[in-house]
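Each chain, written out:
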Amino acid sequence: MRYNQPKQKLRIMKKILAGLIVIAVFLAACKTVPVTGRKQLSLVSNDEIFPMSFQSYQTVLDSSKLATDKSQVNMVKSVGVRIQKAVEQYMAEKGMSDQLKGYKWEFNVVDENIVNAWCMPGGKVVFYTGILPICQDENGIAVVMGHEVAHAVANHGGERMSQGLVQQLGFSALSIAVSEKPAETQKLYGTAYGVATNLGAMLPFSRLHESEADKMGLIFMAMAGYDPRGAPEFWKRMDKQSGGGSPPEFLSTHPSHGTRIQQLNEAIPEAMKYYKGGS
Ligand SMILES: [Zn+2]
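Calculation criteria
- Residue numbers restart at each chain and count upward from 1, following the sequence in its written direction.
- Whole-chain, interface and lining totals are the exception, using all residues; otherwise, since this is a predicted model, local features are given only for residues with pLDDT of at least 70 and side-chain atom pairs are given and counted only at 80 or more.
- With hydrogens and water excluded, all non-hydrogen atoms of the structure serve as input to the side-chain values.
- Working definition: rings of Phe, Tyr and Trp (its six-membered ring) pair if their centres are within 6.5 Å, and the pair is stacked with planes under 30 degrees apart, edge-to-face with planes over 60 apart, and tilted otherwise.
- Burial classes follow relative accessibility: with a 1.4 Å probe on protein chains only, a residue under 20% of its type's maximum area counts as buried, one over 50% as exposed, and anything between as partly exposed.
- For a lysine, the NZ atom is tested; for an arginine, the CZ atom; a charge sits over a ring if that atom is within 6 Å of the ring centre and within 35 degrees of the ring normal.
- Here, nonpolar core means buried Ala, Val, Leu, Ile, Met, Phe, Trp, Tyr and Cys residues that are tied together by side-chain atoms lying within 4.5 Å of each other.
- Segments assigned H or I by DSSP are reported as helices when at least four residues long, segments assigned E as strands when at least two residues long, and all are numbered from the N terminus.
- Any pair of residues with heavy atoms lying within 4.5 Å of one another is described as a contacting pair.
- Metal-coordinating donors are taken as N, O and S atoms lying within 2.8 Å of the metal, or within 3.2 Å when the metal is Na, K or Ca; because water is left out, some sites can appear incomplete.
- Site shape is set this way: if four donors have all angles between 85 and 135 degrees, tetrahedral; if opposite donors are over 155 degrees apart and all others between 65 and 115, square planar for four donors and octahedral for six; otherwise irregular.
- Orientation is described by axes fitted as lines to C-alpha atoms, over the contacting stretch for helices, and by angles from 0 to 180 degrees between their N-to-C directions.
- Reported orientations rely on four angle classes, namely roughly parallel under 35 degrees, roughly antiparallel over 145, roughly perpendicular from 65 to 115, and oblique for the rest.
- Under the grouping applied here, Gly and all other residues not named as nonpolar or charged are polar, the nonpolar ones being Ala, Val, Leu, Ile, Met, Phe, Trp, Tyr, Cys and Pro and the charged ones Asp, Glu, Lys and Arg.
- Two strands pair if DSSP finds at least two bridges between them.
- For a helix, the expected span equals 1.5 Å multiplied by the number of residues minus one.

K.L.:
I tried to follow the packing of aromatic side chains on my own but got confused; where do I start?
P.N.:
How two aromatic rings sit relative to each other is given by the distance of their centres and the angle of their planes. Using the criterion set out here, one finds eight aromatic pairs in the structure. Here Phe234 and Trp235 contribute two aromatic rings whose centre-to-centre distance is 5.3 Å and whose plane-to-plane angle is 85°, an arrangement assigned as edge-to-face. Trp235 shares its class with Phe234; the two are buried. Among the aromatic side chains, those forming a connected cluster through ring pairs are Phe50, Phe54, Tyr103, Trp105 and Phe107. Sitting above the plane of the Phe54 ring, Lys124 keeps its charged end 4.8 Å from the centroid.

This is the structure we're talking about:
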């Protein structure tokens, strides 16, 4: 086809220009995930997400019975702090410390027989006592902690909310300031994390997010002095406790335990480079 008519040419030029603008805005709205280097959509800033996260974390704590077993609680807290330090060290080495701006790390144990743990955006972690027997020891706690902390450091919550905005508002979400849509942002946060208040669970992450958190978690735990080879062992115990059938609540169904254990085993050689043989 030939485009010899000026009007037609102009129309095509306009289309190309519009396309380029969308691409430019899209690129500007992208962040890079630490460790994996994956590009992710980031329409909602931490400044908008963290206040919601900190508030709902406080609501969970206020409406829960915190564990009283001091040795258990101290163990979870000390693993958390060690992994937090490892993350901070990793990000500093990679020149990505600015991505941790505004984080307010906190690690708490809720006395509830639920096989679960989670981390809200900005570093707000809860372990339920029900998962501790499966963790078995400090190294097992580090497996779960590394994974949960990784979800937060990888900004999975913000990415999920960004995808939700594009779904709801279409690509116009890319060109409008999302801060002008506080109601939508609030609602998306509530959908993902609001259920934590009464069910001790969250909207499950995607398979991609789960695999990414597994991989990052291995490196963070190894840097903190925990043996990453404990991760597949933890998942074997998880599998056993769920009877190989219905999956436990923790981390839901993605990916299946078999796939997960296989992927973890593949990622262990890389993580072992960061492991100095414990403290
Ligand atoms: Zn997860």
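There is more to say, and it comes next.
K.L.:
Help me understand the nonpolar core in this model?
P.N.:
The nonpolar side chains of a soluble globular protein tend to be buried, and buried together. With 78 residues, the main nonpolar core has Ile83, Phe127, Ile131, Met145, Val153 and Phe234 as its most contacted residues. Here the element with the most residues in this core is helix H5 (residues 138–153); it accounts for nine residues. Once residues within four sequence positions are removed from consideration, Val153 is found in contact with Pro34, Val87, Met91, Gln99, Leu100, Tyr103, Trp105, Met216 and Phe220.

K.L.:
What am I meant to see in the coordination of the zinc ion here?
P.N.:
Geometrically, a metal with four donors at the corners of a regular tetrahedron has ideal angles of 109.5 degrees, and one with six donors at the corners of a regular octahedron has ideal angles of 90 or 180 degrees. Surrounding the zinc ion are the protein donor atoms His147 (NE2), His151 (NE2), Glu210 (OE) and Glu210 (OE), at 2.0 to 2.6 Å. Relative to the metal, the four donor atoms surrounding the zinc ion lie at angles of 53 to 135°, and the coordination shape comes out irregular. Looking at His147, the relative accessible area reads 3%, which means it is buried. Under the relative-accessibility criterion, Glu210 is labelled buried at 1%.

K.L.:
Just to check I follow, could you spell out the packing of helix H11 (residues 230–241) against helix H12 (residues 257–272) for this structure?
P.N.:
For any two helices packed against each other, one specifies the inter-axial angle together with the distance between the axes. H12 packs onto H11 with a crossing angle of 170° between their chain directions and a minimal axis gap of 9 Å. Here H11 is positioned roughly antiparallel relative to H12, judged by the angle of their axes. Taking contact as the criterion, the partners of Ala231, Pro232, Trp235, Lys236, Met238 and Asp239 in H11 are, on H12, His257, Arg260, Ile261, Leu264, Asn265 and Ile268. Taken together, the residues of the contact of H11 with H12 sort by class into seven nonpolar, two polar and three charged.

K.L.:
Help me understand the sheet that holds strand E3 (residues 106–110), please; the structure alone is not making it clear to me.
P.N.:
Within a sheet, adjacent strands bond to each other through the backbone by hydrogen bonds, running parallel or antiparallel. Spatially, the three strands line up as an open sheet ordered E3-E5-E4, and their pairing is mixed. Because the sheet does not close on itself, it has two edges, and the strands there are E3 and strand E4 (117–120). The average angle at which neighbouring strand axes cross in this sheet is 15°, direction not considered. Bridging between E4 and strand E5 (residues 124–128) involves four bridges; their strand directions are antiparallel. Note on E5: the bridge partner recorded for Trp118 is Val126. Here helix H3 (residues 70–93) sits on the sheet in contact with E3 and E5, set at roughly 155° to E3.

K.L.:
Hey, could you run me through helix H10 (residues 207–223) in this one?
P.N.:
Quick reminder: α-helices carry 3.6 residues per turn. Residues three or four places apart thus point the same way. Relative to the 24 Å expected for 17 residues at 1.5 Å per residue, H10 spans 25 Å between its end C-alpha atoms, a close match to the ideal helical length. Once H10 ends, the next one or two residues include Gly225, with phi positive near 95°.

K.L.:
Any chance you could explain H3 here in plain terms?
P.N.:
Its 24 residues give H3 an end-to-end C-alpha distance of 34 Å, which sits within 8% of 34 Å, the value for a rise of 1.5 Å per residue. Looking at the buried side of H3, the elements it contacts are E3, E5, helix H4 (132–135), H5 and H10.

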